[in-house]
Structures are given as structure tokens and as C-alpha cells.
Amino acid sequence: MPYLILPVAAIGHVILWMALVNRLHGFGIHRRSIDLATGLCGLALVALPMAFVAIVWQHARSNVAAGDDFAWRIAWWYASGCALLCGMAAIHRIWLVLHRERSGVLLENHTTRVDVRRNNTAEYFAPGIPALLGRLPGNQALDLHVHEKQLVIPRLGTAADGLRIAHITDLHMSGRITKAYFEAAVERVNQLQPDLVAVTGDLVERDECLDWLPDTLGLLRATSGVFFVLGNHDRRVDQGRLAASLAKLPLVHLGGCWRQVAVRNTRIVLAGNELPWYGPAPNPEDCPKSDLANRPLRILLSHGPDQLDWAVDHDFDLVLAGHNHGGQVRLPAFGAILAPSRSGTRYAGGVFRRGQTVMHVSRGTSSLTPFRWNCPPEIALLILRAKQPQ
């Protein structure tokens, strides 16, 4: 018996069912259907190894030849397939790390670590399970990292060189992490003195947290405006109350529309794509017109990175996205395992380039489950550069 393949097969088994969960969550399927499908995948993740052990144990106790034991053959075919999948996944991960879409964009990344608990004695985890999770060794849920990233934008004009965009996303205000954390995060964003602030969805998780908005997102400030789109978790609250609460704030909703703004006397076109959870996508016919000589910088706010193809097709220079939380838990050597995207973990977090389009995928500023490991929350200050220094 080739029992030596079992550890590799076990890893492949996890990869298979996690990959299926990731891709299911990349579609705008009804929440209950997604929850059911996720539960079935979780059941398969646990039950199939147990069934495998039972089949092998039963076969060892019987006198049936291997070739005549149908269940035994099926179990080993599955194990062999999972082992093969593990090898293919390892090759694919290496290919992604070396892929040219990950190079030539990020010039510099200066990181400042902000452990908010050191700045305030307030309790940041709600009582009960959130507080228990908060005490787990290695939990980075409050270990906020501020990244100042200098990005090369291929078609950026010299007049816009140095443009500063603060990018936050995936706050998931639910009460599991208290309001004080989000107030501290907003204060930190304002200290960066950005030209623009982009908030890319999953703002509020529960209706009672809608009252937090004025003292959190409502206090964001930037010289040329604060812009946002909604995400899939924003559908979990009362939509009328959400729209009314956001309408009272000095924020601009970009969902499904275009807007032209002036930053440092430079025209910039902003758009928001909230597909597949809200729609429709911005109509290309409504995009502010310009000639090639005076083409403005185009920036897309999208909750998830799966809209990269749409952005490339519609000639955007920069895409700002979140949704995947960087994986939230990243394993040594393997990296992210969970990333609810049609691309799996490919765009879990980081900076990417496809053609003339650059995409920044944030790890998220918070999360619904107050636990992160090897994947701290982030605020990103993106400093756009016209070209690499010589």
C-alpha cells in the first residue's frame, strides 16, 4: 500500500474543498444558498477522511482482494487524485509568485505597526467568544499595520505624480470588535493627510452598528473627497437604513456610476463596480469624455478583485479592491487558504499589474471573525508614481 502518499493526499484534500468554497463565494449567490454550500463542503472536508479510514480499516480486516474491493479502490483513487492535486497546486503557487503581474509596480513599502491597545485602555473585543478569540496567542486582529506604498502607474502624468490615496476596506462593523477600534483606525487615516480616501465595501454587518457610522466613516477627511462602494456583507443590514445613514455623511457613493474630480489641478475619473452583489456596472457611455492628449487618470473602486477583467477592458489605470482579507489566516509556506474569489487565492492581497492596469488588493482593515494569524489588518496609503526613478 502506498501509505506514504497519505500526508500529501490530506493536503490535496483540503486544497480541493477550500478551492471550491473560495469560488462559490465569488458569485452573487443568495446568502442562504452560499451558507448551505459552504456547510456541505465543510462536511465533506471532515467526513471523507473519516470514511477513508473506515474503508481502509475494514479492508485490512477482510479477506477480499484489493482488486475486488470496490470501496477500497474508490478510496485510493480519491487519495491518489488529491495527492496529484497537491503537487499541481504547489507548482501553481510557485508560478503565481514568479508571475510578471506581481513585479514592476511596487517601488517601496514602508510599514508602521499600530497596536491600538497600547494607545487606549478601552476594551476592543465584545464579551464572550470575541473576547476569547482576542486572547488567543498570535491573534493579530488589533495589530493594525499602516503601509505607505509607492506604486508605479504606467500612464500617470507628471502633474499627478505623488498623488496620495488612502485605501481602507472590509471593516465589518458588527459589535464583535468595538467601536473604539474603528474610531482609532479613522483617526490614523486622517493623520496620513491623503488627497483621496477610498473605502471598498463591507462596511456594516449589523443594523445596530449603523449608528456608528457618523463617528467612524463620517469623520474621514481628504482634500479631494472620500469615496466608497458597498460589498456583499453590506446586504446583511436593512438597505433603506443603510442608504439613509450613508447619505447623511460627507462620503460619495460610486456604486454603478462615474465621477470626475480635480486633485492638484489634475482631472481624475472615478468609478465604482459593486458586482456581483449590487449592480449594474458603470455604463461606459456615461464616462466623462476626453481626448488622448488630455486623458485623465481612471480609478475603479471594486469590493472584490474579480472585476479586474472588467477594469482592463474599460481602460482603468488603478483598481482598488478588498474582500479577500489577505486570507485572514496565512500558513507558513502555503500562504492564504481561504479567499472568497473566482480566482481563489491568486488575488488574496497585494499589488498586481495586467497590461496598463494596476490593482491593489487590501488585506482589510478589520473582519467579521475577530481572529487573524500571520495576516494583520491594514490601512494603505498609496503614493502614485509616474515612473521608476533612474
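In this text the structure is predicted, and so the values were computed from the model without any measurement.

A. Main features of the pattern of salt bridges. Per the stated rule, a full pass over the model turns up 16 salt bridges. The salt bridge partner of R295 is D315, with a shortest N-O separation of 3.3 Å. Taken together, the positions of R295 in the loop between strand 8 (266-273) and strand 9 (297-302) and D315 in the loop between helix 7 (308-313) and strand 10 (318-321) put the pair 20 residues apart, joining distant regions of the chain. Bridged by salt links that share partners, the residues R155, R295, D315 and D317 form one connected network.

B. Structural detail: the sheet that holds strand 13 (residues 350-354). Read from one edge to the other, the open sheet built from 6 strands follows the order 7-8-9-10-14-13, with strand pairing classed as mixed. Only two strands of the sheet have a single partner each, and these edge strands are strand 7 (258-263) and strand 13. In this sheet, neighbouring strand axes are inclined to one another by 20 degrees on average, regardless of whether the strands run parallel or antiparallel.

C. Just the nonpolar core, in detail. Within the largest apolar cluster, 42 residues are counted, with the highest numbers of intra-cluster contacts made by M173, V199, L217 and L220. The element best represented in this core is helix 5 (residues 179-191), accounting for 5 residues. Excluding residues within four positions of it along the chain, L220 makes contact with I168, V186, V189, N190, V197, V199 and V226. Residues L270, I299, L301 and V351 belong to the second largest nonpolar core, which totals 27 residues.

D. Examining unusual backbone geometry more closely. Omega for the peptide link from L275 to P276 comes to 5 degrees, which places this bond in the cis form. Here P276 shows up in the loop between strand 8 and strand 9. Of note, the bond from G279 into P280 is cis; its omega dihedral lies within 30 degrees of zero at 0 degrees. Locating P280 in the fold gives a position in the loop between strand 8 and strand 9. The backbone of D170 shows a phi angle near 50 degrees, a positive value even though the residue is not glycine. Along the chain, D170 falls in the loop between strand 3 (164-168) and helix 5. The phi torsion at D315 lies on the positive side, around 65 degrees, for a residue other than glycine.

Rules behind the numbers
- Residues numbered from 1 in each chain as written.
- Predicted model: local features only at pLDDT ≥ 70, side-chain atom pairs only at ≥ 80, totals over all residues.
- Heavy atoms only, no water.
- Salt bridge = Lys/Arg side-chain N within 4 Å of Asp/Glu carboxyl O.
- Helix = DSSP H or I, 4+ residues; strand = E, 2+ residues; numbered from the N terminus.
- Pairing = 2+ DSSP bridges.
- Axes fitted to C-alpha atoms, helices over the stretch in contact; angles between N-to-C directions.
- Core = buried A, V, L, I, M, F, W, Y, C linked by side-chain atoms within 4.5 Å.
- Buried < 20%, exposed > 50% of the residue type's maximum accessible area, 1.4 Å probe, protein only.
- Contact = heavy atoms within 4.5 Å.

Remember that the coordinates give geometry; whether it matters functionally is a separate question.
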